[in-house]
Amino acid sequence: TPRGRHKRWRRRYVARVATSNLSAQLLTMQRMMLSSTTRVLGALGRMTAARQTAMAPTLASRPFSSSSDAARDRRYHWVEPEAERLIARAYARHRQLAQRDAVSPNGWKSFPPSISIADLESPAIEQEYHYPPKTRGDRIAKKLVDYGEKLMHLFFREKYDHHAVTLETVAAVPGVVGAAHRHLRSLRCMKRDHGWINPLQEEAENERMHLLIWMQHTKPTGIERAFVIMAQGIYVAAYSVLMYLSPRTAHRTVGYLEEAAHRAYTDYLRAVDSGAIPNVPAGEIAKKYYSLPDDAKLRDVILHVRADECMHRDFNHHLSDLYDAKEEDEFPTKMGEEVEGKPSEAKEGASSGVGRASVVMAASGKKTGPDGAQ
């Protein structure tokens, strides 16, 4: 009947109006959430920049430009030669104790080599070096690390000690994944690795020792432990896939991650210097690992750890450059060889028919094959 049809049309009209209103409300809510997220991220970025500007000390070093031909000829062209020399000296402490009585080419006769607090505080190490992105993969890696760094700052804020613990649980992953990738590649292709596996394994072990060191200064909360478990599973899977698809981008990502770690430890150091965090005595693990004196403080440990992160930053950028130059089957250049004027161990091995692995393993007392191959 006409009256029944009128009721059906009215119900349909009401349903269409209700659906339209609901869609408009959902669209408005989505826009409000997007706008709020943008404002929060923008405010977070401004707060981070303002804090770094306010706390940044005046550096005595002059700005370094890597655009000159002489700088581009160096393997580690994005850092100053003085920084490369000091970082290499700082990281050389992690060699095997079997070398303590050996005279190295640079004249050091004891373990660890002479590295003072003044060297670790030098502007060359404190200065923040950034490798400029060259490809789309570099830019994607840089943006991912930047977003992750902002989230970490938002989560931890001024809790630099808790930030350090969580950071090391993530930073210890790429080295072991990268070493496994190179190991399987060597088996799969049935050829030598040319000295990549051991430095990557050493990097993972060094980062794990950092974690044990910081565990003596703070204990993570239950929420932080849950965050670490979730982040580790995601990161191991994602980084393994990335290493398989693009090792160049994987190492570049680690380089940018270590740049963020350098900034994090610099903030940690400034918090200790300002009195926001007490400069307590160093833990026993740190004293033994870095051969520190009995009266060593937390500040000394932060300086040593930050120097380690500089080495990981520059070495992974160097490995990415080797992939970029199609030199993934070449020996990596050891940091400090060029600025010290010493011949590369890879070149020495090539000229004598013995690989770099045999030089390193012989110095550390390890056994090698008939031809010293690795």
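First, a word on what this report is: a plain description of the structure on this page. (Residues numbered from 1 in each chain as written. Predicted model: local features only at pLDDT ≥ 70, side-chain atom pairs only at ≥ 80, totals over all residues. Heavy atoms only, no water.)

Here we look at the overall build of the protein chain
Then step 1. The helix and strand inventory of the protein chain stands at 15 helices and zero strands.
Then step 2. Burial statistics for the protein chain: of 374 residues in total, 45% are counted as buried.
Then step 3. Of the accessible surface of the protein chain, which amounts to about 20,200 Å², a share of 60% is contributed by carbon and sulfur atoms. (Helix = DSSP H or I, 4+ residues; strand = E, 2+ residues; numbered from the N terminus. Buried < 20%, exposed > 50% of the residue type's maximum accessible area, 1.4 Å probe, protein only. Areas by Shrake-Rupley, 256 points an atom, 1.4 Å probe, with all protein chains shown as cover.)

Quick word on empty space enclosed by the protein
Then step 1. Overall, the coordinates contain one cavity of 30 Å³ or more when judged by the stated rule.
Then step 2. Tyr160, His163, Ala164, Ala264, Tyr265 and Tyr268 together form the lining of the largest cavity.
Then step 3. Of all the secondary structure elements, the ones that give two or more residues to the lining of the largest cavity are α7 (160-171) and α11 (247-274).
Then step 4. Residue classes in the lining of the largest cavity are distributed as five nonpolar, one polar and no charged. (1 Å grid on protein atoms, 1.4 Å probe; cavity = no way out; pocket = protein on both sides within 12 Å on 5 of 7 lines; lining within 4 Å. Points joined across faces, edges and corners; volume = space filled by probe spheres on them. Nonpolar A, V, L, I, M, F, W, Y, C, P; charged D, E, K, R; others polar.)

Regarding helix α10 (residues 222-245)
Then step 1. Helix length check: α10, at 24 residues, gives a terminal C-alpha distance of 35 Å against a target of 34 Å (1.5 Å per residue), a fit within 8%.
Then step 2. Here the buried face of α10 lies against α6 (136-156), α7, α8 (173-189) and α11. (Expected span 1.5 Å × (residues − 1). Contact = heavy atoms within 4.5 Å.)

Re the packing of aromatic side chains
Aromatic ring pairs are defined here through the distance separating the ring centres and the angle between the ring planes.
Then step 1. For the coordinates displayed, the defined rule picks out eight aromatic pairs.
Then step 2. Measuring from centroid to centroid gives 4.8 Å for Phe155 and Phe156, while their planes differ by 85 degrees, and the two rings are edge-to-face.
Then step 3. Among the residues examined, Phe156 registers a relative accessible area of 2% and is labelled buried.
Then step 4. With centroids separated by 5.3 Å and ring planes inclined at 75 degrees, the aromatic side chains of Trp196 and Tyr323 adopt a geometry described as edge-to-face. Residue Trp196 is located in the loop between α8 and α9 (197-215), and its partner Tyr323 is located in helix α13 (residues 298-324); the two are separated by 127 residues in the primary sequence.
Then step 5. Grouped by ring-pair contacts, the aromatic residues Tyr160, Trp214, Tyr265 and Tyr268 constitute a single cluster.
Then step 6. We note Arg182 situated over the ring of Trp196; from NZ or CZ to the ring centre the distance is 3.9 Å. (Phe/Tyr/Trp six-rings, centres within 6.5 Å; stacked < 30°, edge-to-face > 60°. Lys NZ or Arg CZ within 6 Å of the ring centre and 35° of its normal.)

Details of the nonpolar core
A general trend in soluble globular proteins is that nonpolar side chains are found buried together.
Then step 1. By size, the foremost hydrophobic cluster in this structure holds 54 residues, and its most contacted members are Trp214, Tyr265, Tyr268, Ile277, Leu298, Val301 and Ile302.
Then step 2. Looking at this core, the elements that each hand over two or more residues are α3 (81-91), α5 (123-126), α6, α7, α9, α11, α12 (284-290) and α13.
Then step 3. Filtering out sequence-adjacent residues up to four positions away, Ile277 remains in contact with Tyr160, Tyr268, Ala271, Val272 and Leu298.
Then step 4. The next biggest cluster of nonpolar side chains, apart from the first, holds eight residues, and it includes Tyr239, Ala250, Val254 and Leu257. (Core = buried A, V, L, I, M, F, W, Y, C linked by side-chain atoms within 4.5 Å.)

Some remarks on the pattern of salt bridges
Then step 1. Counted according to the given criterion, the structure contains 17 salt bridges.
Then step 2. Across the salt bridge formed by Arg299 and Asp273, the nearest N and O atoms sit 2.6 Å from each other. One end of the pair, Arg299, is in helix α13; the other, Asp273, is in helix α11, with 26 residues separating them in the sequence.
Then step 3. You can call Asp273 partly exposed: its relative accessible area is 47%.
Then step 4. Glu284 is paired through a salt bridge with Lys287; the nearest N and O atoms lie 3.8 Å apart. Residue Glu284 and its partner Lys287 are both found in helix α12; the two are separated by three residues, about one turn of the helix.
Then step 5. Bridged by salt links that share partners, the residues Asp138, Arg248, Arg252, Asp321 and Asp324 form one connected network. (Salt bridge = Lys/Arg side-chain N within 4 Å of Asp/Glu carboxyl O.)

Concerning the layout of surface pockets
Then step 1. Here the second largest pocket is characterised by a volume of approximately 800 Å³.
Then step 2. Along its surface, the second largest pocket is lined by 27 residues, and Leu144, Gly148, Val170, Tyr235 and Leu257 are the ones closest to its centre.
Then step 3. Here the residues of the lining of the second largest pocket are counted per class, giving 22 nonpolar, four polar and one charged.

Here we look at the packing of α6 against α7
Then step 1. Where α6 contacts α7, the two axes come as close as 10 Å, and the packing angle between them is 140 degrees. In terms of orientation, α6 lies oblique with respect to α7. You can see that α6 and α7 cross each other, and the crossing is right-handed. Two secondary-structure elements touch here, α6 through Met152, His153 and Phe156 and α7 through His162, His163, Thr166 and Leu167. (Axes fitted to C-alpha atoms, helices over the stretch in contact; angles between N-to-C directions. Parallel < 35°, antiparallel > 145°, perpendicular 65-115°, else oblique. Left-handed = near helix turned anticlockwise from the far one by under 90°.)

Looking at the packing of α8 against α10
Then step 1. Two elements in contact, α8 and α10, have axes whose closest approach is 10 Å; the angle formed by their N-to-C orientations is 40 degrees. Seen along the crossing, α8 lies across α10 with a hand that is right-handed. Between α8 and α10, the residues in contact are Val173, Pro174, Val177, Gly178 and His181 and Gln232, Tyr235, Val236, Tyr239, Ser240, Met243 and Tyr244, respectively.
Then step 2. Here the residues of the contact of α8 with α10 are counted per class, giving eight nonpolar, four polar and no charged.

Topic: a nonpolar patch on the surface
Then step 1. Together, Val241, Tyr244 and Leu245 line one region of the surface with nonpolar side chains, adding up to about 370 Å² of accessible area.
Then step 2. Topologically, Leu245 is positioned in helix α10.
Then step 3. Overall, Leu245 belongs to the exposed group, its relative accessible area being 64%. (Patch = residues over 30% accessible without salt bridge, like charges linked within 9 Å, V, L, I, M, F, W, Y side chains within 5 Å.)

Notes on the environment of His262
Then step 1. Here His262 is to be found in helix α11.
Then step 2. Considering only alpha carbons, one finds His262 and Val305, 43 residues apart in sequence, at a separation of 9.1 Å.
Then step 3. If near-sequence neighbours (up to four positions away) are discounted, His262 is found in contact with Ile125, Glu126, Gln127, Glu128, Arg306, Cys310 and Arg313.

Regarding the environment of Ala180
Then step 1. Examined against the element boundaries, Ala180 turns out to sit in helix α8.
Then step 2. Distance from Ala180 to Leu200, taken between C-alpha atoms, is 9.1 Å for residues 20 residues apart in sequence.

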